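Structure at a glance
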Amino acid sequence: FKGSTGNGRHAIYISSGSSYNLISGNRIESFDFEGISQFSQGIQNPCINNTYCDNIITDTAKSSLNPFTGSIGIYGKFKDILISNNQIINSLGKGIVVDGTGSTVYENVIIDGNTVKNSAAFGIDIIASHNILITNNRIYESSFGNSGVYGNINLVESGGIGVNNVLISGCHSYGSTFARSAIT
């Protein structure tokens, strides 16, 4: 999938109860928002048991309308999600975002073996979500757009929903000049 500024929000968009999907082996380049977006909110059914693996995603989140999207974004109602072995390079937002804000189902996500290079904000951002396993990821030079502002991995509460039951193991955080901390 090849987009261009102003000509494509997402390469792949999963929504409203779309479940048991495998999104694998794609090359995604130059989209305004996420390369891969899963979004289910409000009265929509949750997205369950989706796998996002072995994708190469470059030059995404290019829109100034929403600079805090990610190359892979999981938003709203979700359960049992696997994000593994993806390569994310040059996101003008975040690398990977998991955000359960405003939802009632926001749990069981594995983020394993991904490489995130040169994200303008966080490499991995977990917001208002439970039961998260973050293992064996390699994150290089987060915060390249705002030197020292963003860490490589961020865990944050939103709307009264905390980030609970998280295990971070075996990740490698690289950054000589940009990211000030590995985990914020």
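All values reported here derive from a predicted model rather than from experimental measurement.

**So, the pattern of salt bridges**
- Scanning the entire structure with this criterion turns up 2 salt bridges.
- The partner of K79 in a salt bridge is E107, and the shortest N-O contact between them spans 3.8 Å. You can see K79 sitting in strand β9 (residues 78-84) and its partner E107 sitting in strand β12 (residues 106-112), a full 28 residues away along the chain.

**Digging into the packing of aromatic side chains**
- All chains considered together, the criterion is met by 1 aromatic pair.
- When the centroid spacing of 6.5 Å and the interplanar angle of 50 degrees are considered together, the rings of F39 and Y75 count as tilted. Of this pair, F39 sits in strand β4 (residues 36-40) while Y75 sits in strand β8 (residues 70-76); the two residues are 36 residues apart in sequence, bridging distant segments of the chain.
- Looking at F39, the relative accessible area reads 30%, which means it is partly exposed.
- Cation over ring: K117 sits above Y140, and NZ or CZ is 5.2 Å from the ring centre.

**A few points about the sheet that holds β8**
- Taken in spatial order, the 6 strands make up an open sheet running β1-β4-β8-β11-β14-β17, and their pairing is parallel. Unpaired on one side and paired on the other, β1 (12-15) and β17 (153-156) mark the two borders of the sheet. Across this sheet, the average inter-strand angle for adjacent strands is 10 degrees, counted without regard to direction.
- Judged from the 4 bridges that link them, strand β11 (residues 94-99) and strand β14 (residues 124-127) form a sheet pairing that is parallel. Note that in β14 the partner of I96 across the bridge is I124.

**Observations regarding the confidence of the model for the protein chain**
- Predicted confidence across the protein chain gives a mean pLDDT of 86, with 86% of residues reaching 70 or more.
- Here residues 177-181 is modelled with pLDDT under 50, and outside its nearest four sequence neighbours on either side it reaches 17 contacts, counting other chains as well.

**A word on the nonpolar core**
- In terms of nonpolar packing, the biggest core is built from 33 residues, with I83 and I111 touching the most fellow members.
- If you list the elements that add at least two residues to this core, you get β1, β8, β9, β11, β12, β14 and β15 (130-135).
- The residues touching I111, leaving out its near neighbours within four places in the chain, are I83, I96, V98, I124, I126, L133, I134, T135 and N137.

**A look at unusual backbone geometry**
- Phi at N136 takes a positive value of approximately 55 degrees, unusual for a residue other than glycine.
- Looking at the element boundaries, N136 is found in the loop between β15 and β16 (138-140).
- Its relative accessible area of 40% is what places N136 among the partly exposed residues.

**Looking at the side chain of S103**
- Inspection of the secondary structure puts S103 in the loop between β11 and β12.
- The residues touching S103, leaving out its near neighbours within four places in the chain, are G76, K77 and I161.

**Overview of the environment of S103**
- The buried category is assigned to S103, whose relative accessible area is 7%.
- On a C-alpha basis, the gap between S103 and F78 in space is 8.7 Å, while along the polypeptide they are 25 residues apart.

**Thoughts on the sheet that holds strand β10 (residues 87-91)**
- The strand order β3-β7-β10-β13-β16-β19 describes an open sheet built from 6 strands, whose pairing is parallel. A strand with exactly one partner marks an edge of an open sheet, and here the two such strands are β3 (27-29) and β19 (172-174). On average, each strand axis in the sheet is inclined to that of its neighbour by 5 degrees, with strand direction left out of account.

**Quick word on the pairing of β8**
- The buried fraction of β8 amounts to 7 of the 7 residues, a majority that puts the element mostly inside the structure.
- The pairing of β4 with β8 spans 5 bridges and is classified as parallel. In the sheet register, I36 faces β8, and the bridge partner there is I72.
- Bridging between β8 and β11 involves 5 bridges; their strand directions are parallel. Paired with Y75 across the two strands is D99, which belongs to β11.

Calculation criteria
- Residues numbered from 1 in each chain as written.
- Predicted model: local features only at pLDDT ≥ 70, side-chain atom pairs only at ≥ 80, totals over all residues.
- Heavy atoms only, no water.
- Salt bridge = Lys/Arg side-chain N within 4 Å of Asp/Glu carboxyl O.
- Helix = DSSP H or I, 4+ residues; strand = E, 2+ residues; numbered from the N terminus.
- Phe/Tyr/Trp six-rings, centres within 6.5 Å; stacked < 30°, edge-to-face > 60°.
- Buried < 20%, exposed > 50% of the residue type's maximum accessible area, 1.4 Å probe, protein only.
- Lys NZ or Arg CZ within 6 Å of the ring centre and 35° of its normal.
- Pairing = 2+ DSSP bridges.
- Axes fitted to C-alpha atoms, helices over the stretch in contact; angles between N-to-C directions.
- pLDDT = per-residue confidence, 0-100.
- Contact = heavy atoms within 4.5 Å.
- Core = buried A, V, L, I, M, F, W, Y, C linked by side-chain atoms within 4.5 Å.

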